[in-house]
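Given next are the chains, with one letter for each unit.
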Amino acid sequence: MIGIGVLALLGYTILFVLLLALTSGVAYSAYVYMQHRKYAHIPSVKRANFFMGHYPTIKDYMKKHECPLAEVLYEWYKELGLVYCVHVLHNTFVVCLDSKVVKMVMTNSKHTKPHVEYDAFQAVFGSRLGGRSLVSETDHSRWSQRRALFNPAFNRQYLKGLMDIFNDSADRLVQDLMKRADGQTVVTMRDKFNSITLDVIGKVGFGLDLNAMEDPSCPFPVAATKVLQGLQKSLLVPWYSYIPSAHARNFRKEVKEACHLIREIGRDCILSRIEAKARGDATPQDILTYLLDASKELQGDQNFGLEEMIDEFVTFFVAGQETTGNHLSFTLQQICRYPEVLKKLLIEIEEVLGDKPFVDYSDLPKLEYLMLVMKESMRQFPPVSGSTRSLAHEIECCGYTIPKGTRLRVNHFIMGKMEKYFDDPEEFRPERFQVSDETPRHLYAYFPFSLGQRTCIGQSMAMMETRVILAKLLRRFTFDLVPGQKFGIKQELTNKPVDGCKTYITLRE
Ligand code: HEM
């Protein structure tokens, strides 16, 4: 009797589980169907299949052409025009390349950053990374309070005081390259720039001497790269956490360890500083000191304690290091490819700096052509391709109604390639950024540091740092690109030069 009862119970359980799976499957299919219907009036390429949507097409294209997602989206712009949608599972985003709509959306703080993308930054594969930090906070009022805390640390006066660190870092890079300037050794400049920008952000932000430049065993750069790879994977393949293969498990483990390592370095750094301040020791006037003062040693605000400060520590490394390193690499690569640009730059650097060993703050605005070169480099090779907003209300875009709640993706990597905004976009022509009386067509089509209130807080700092480093390197060395390398973009959250800007270096006469 008992045996029959157990069997019956087992049978009912199996039936229940099957019914539950069936109902969930039907409900999910209906949801995906409704999602497709909601956007049926907006152009899109044919979906490869019902559930995976455009994912297989995107993946195949990226693999075949060895290109980033942004290139696929550019191809679809050529086919579909200024607005189109992309479906992957139940997620849909609409790409918008109309500068008027970009302005309207990005300058209205009601349209916030979407959870789907920015929550990924909070924790990767279950390991806390950046929490709800300046970059990832999606709630506007919480973000404004946090930003107000940080803004004073980026004022002009403070940035002026960083010139010593920028000069010193550039000199250390020069010393390092001197050892390799034999015209034969292949030097991957992306690695060199990543090390130096890491050292700069460590010093400027948190008084840390990471010495990544001199110490190849420094674990921080490897961890930072791993974290970005993990983030990219979790965004592009949202189900990656559940893939059981040994390779996927190993990758997830490495990413979690990298998150842990960076957070623990941050924790040690912050706690040591709090102790030093309590002892009354002299402490550097860096971003950390500003924040500890402003937050009363992390006691003044229940939303900003030690873990939140560690979130910001991580954020500054993730947001400020690779972006700047990649920008330096792309810009040097372009300068090497265009000898006439280099010629003009050398004349300007000679006129402004002559033999001066130190680049002063007052020299920076005089390096005008260098600034144009950097801007043009970011048009063709932006370290970040664009941004996304969740629409607070329905909008009109190029004759289409885009529903409330849509994730709208604006992409200046694509807009930078469009004739509509830039004449002969494939040409590398820094002069196009010279200020003229005429309102440029590229206003709101060019936003490498984003737009509106959530614009990059480190923008001025990055532009100062890169000018000092490039001026000092170009004055001292000749860089020749190793033949045969590719000049495309590899996307690992940030965009980087695919072959790393490989060079032979010689001392300039
Ligand atoms: C060439 C170098 C850089 C580029 C191209 C760049 C680009 C950007 C972009 C596009 C955003 C907006 C991201 C989004 O919409 O989600 C952003 C935000 C941010 N960046 Fe940068 N960035 C650079 C350097 C830096 C540096 C050096 C720092 C730190 C010192 C930094 C710190 C931040 C932070 C904290 C945010 C979030 C701002 C907020 O929402 O309040 N960035 N950056």
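What counts and what doesn't
- Residues numbered from 1 in each chain as written.
- Predicted model: local features only at pLDDT ≥ 70, side-chain atom pairs only at ≥ 80, totals over all residues.
- Heavy atoms only, no water.
- Patch = residues over 30% accessible without salt bridge, like charges linked within 9 Å, V, L, I, M, F, W, Y side chains within 5 Å.
- Areas by Shrake-Rupley, 256 points an atom, 1.4 Å probe, with all protein chains shown as cover.
- Salt bridge = Lys/Arg side-chain N within 4 Å of Asp/Glu carboxyl O.
- Helix = DSSP H or I, 4+ residues; strand = E, 2+ residues; numbered from the N terminus.
- Buried < 20%, exposed > 50% of the residue type's maximum accessible area, 1.4 Å probe, protein only.
- Near = heavy atom within 4 Å.
- Polar contact = N/O pair within 3.5 Å; in protein donor to acceptor, adjacent residues only side chain to side chain.
- Donors = N, O, S within 2.8 Å, 3.2 Å for Na, K, Ca; no water.
- 1 Å grid on protein atoms, 1.4 Å probe; cavity = no way out; pocket = protein on both sides within 12 Å on 5 of 7 lines; lining within 4 Å.
- Points joined across faces, edges and corners; volume = space filled by probe spheres on them.
- Nonpolar A, V, L, I, M, F, W, Y, C, P; charged D, E, K, R; others polar.

A.B. asks: Can you tell me about a nonpolar patch on the surface, naming the residues and giving the values?
C.D. replies: Together, Tyr-12, Leu-15, Leu-19, Leu-22 and Val-26 make up an exposed nonpolar region whose accessible area comes to about 560 Å². Along the chain, Tyr-12 falls in helix H1 (residues 2-38). Look at Tyr-12 and you get exposed, because its relative accessible area is 61%.

A.B. asks: Requested: an account of the site of the ligand, with residues and values cited.
C.D. replies: As a structural note, the neighbourhood of the ligand is formed by 27 residues, with Tyr-118, Trp-143, Arg-147, Ser-387 and Cys-456 the closest of them. In the model, a nitrogen atom of the ligand is placed 3.5 Å from a nitrogen or oxygen of the Ala-319 main chain. Take Ser-387: an N or O atom from its side chain is 2.6 Å from an oxygen atom of the ligand. Counting only elements with at least two residues in the shell around the ligand, the list comes to helix H6 (140-150), helix H13 (306-320), helix H14 (322-337) and helix H18 (459-476).

A.B. asks: Break down the coordination of the iron atom of the ligand for me, citing the residues and quoting the values.
C.D. replies: Of all protein atoms, Cys-456 (SG) alone acts as a donor to the iron atom of the ligand, lying 2.3 Å away. Examined against the element boundaries, Cys-456 turns out to sit in the loop between helix H17 (412-415) and H18.

A.B. asks: Could you give an account of empty space enclosed by the protein, with specific residues and numbers?
C.D. replies: Taken as a whole, this structure holds 2 cavities of 30 Å³ or more when the rule is applied. What lines the largest cavity is a set of 14 residues, and nearest its centre among them are Ser-109, His-111, His-140, Arg-389 and Arg-454. Grouping the constituent residues of the lining of the largest cavity by class yields 2 nonpolar, 9 polar and 3 charged. For the second largest cavity, the calculated volume is near 40 Å³. Forming the walls of the second largest cavity are Ala-224, Leu-228, Phe-317, Val-318, Gln-321 and Glu-322. Among the elements of the structure, helix H10 (219-236) and H13 are those that each provide at least two residues to the lining of the second largest cavity. A class-by-class count of the residues in the lining of the second largest cavity yields 4 nonpolar, 1 polar and 1 charged.

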